[in-house]
Amino acid sequence: MVELEGGCSCGAVRYRLKDRPMFTHCCHCLDCQRQTGSAFVINAIIETDCIAQIGEAPVPVRMPTDSGGVHDIYRCGRCQTAVWSDYGGRLWVRFVRVGTLDDPTAITPDVHIFARSKQPWVGLPKDAKVFDVFYDMQALWPAQSLQRRQAAMTAPV
């Protein structure tokens, strides 16, 4: 795999992905719309230890959610660009904002989730896997990604 790099708008936070993401979501939920100020967010799911921080460390900012669950958005301390998230206090995994990659075209969504709240003017590819809410991970994630997820979940943090 070619290592992917990315960072914030001002360049203070830089990172390198040391592996391909396990899976990538395009989320259309209202929380993501509100928190990004956009119609959706594209999150590449990857183990925390597969992210090499090259520049300054981003700062976690706790966000309110409709579900009441924990959602920390990691932002550059200078320009406030959101570079990744932690949903549910799972320190072993990060949801990297694909738009912060130097080449955001390198990763495309595997699924579109929470399409029930998708903006009506957003068109999706005909072959896209689209779910009103969520999906069955065991059915959609590649076997290798499920193995990586299990290993990350059980590894000491």
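This text goes with the structure placed above it.
Computed from a prediction, not measured in an experiment: that's the story for all the values here.

Quick notes on the rules
Residues numbered from 1 in each chain as written. Predicted model: local features only at pLDDT ≥ 70, side-chain atom pairs only at ≥ 80, totals over all residues. Heavy atoms only, no water. Helix = DSSP H or I, 4+ residues; strand = E, 2+ residues; numbered from the N terminus. Buried < 20%, exposed > 50% of the residue type's maximum accessible area, 1.4 Å probe, protein only. Polar contact = N/O pair within 3.5 Å; in protein donor to acceptor, adjacent residues only side chain to side chain. Contact = heavy atoms within 4.5 Å. Pairing = 2+ DSSP bridges. Axes fitted to C-alpha atoms, helices over the stretch in contact; angles between N-to-C directions.

(A) Main features of the side chain of H25. Position of H25 relative to the elements: it lies in strand 3 (residues 23–27). Residue H25 is classed as buried on the basis of its relative accessible area of 6%. Polar side-chain contacts of H25 include one of 2.6 Å to the side chain of Y135. When residues no more than four places from it in sequence are discounted, the contact partners of H25 are V41, I42, N43, I45, F95, V111, I113, F134 and Y135.

(B) Structural detail: the sheet that holds strand 1 (residues 4–7). Strand order across the open sheet formed by three strands is 1-2-5, with antiparallel pairing between neighbours. Edge positions in the open sheet fall to strand 1 and strand 5 (51–53), since each of these has one partner strand only. Across the sheet, the mean angle separating the axes of adjacent strands is 25° when strand polarity is ignored.

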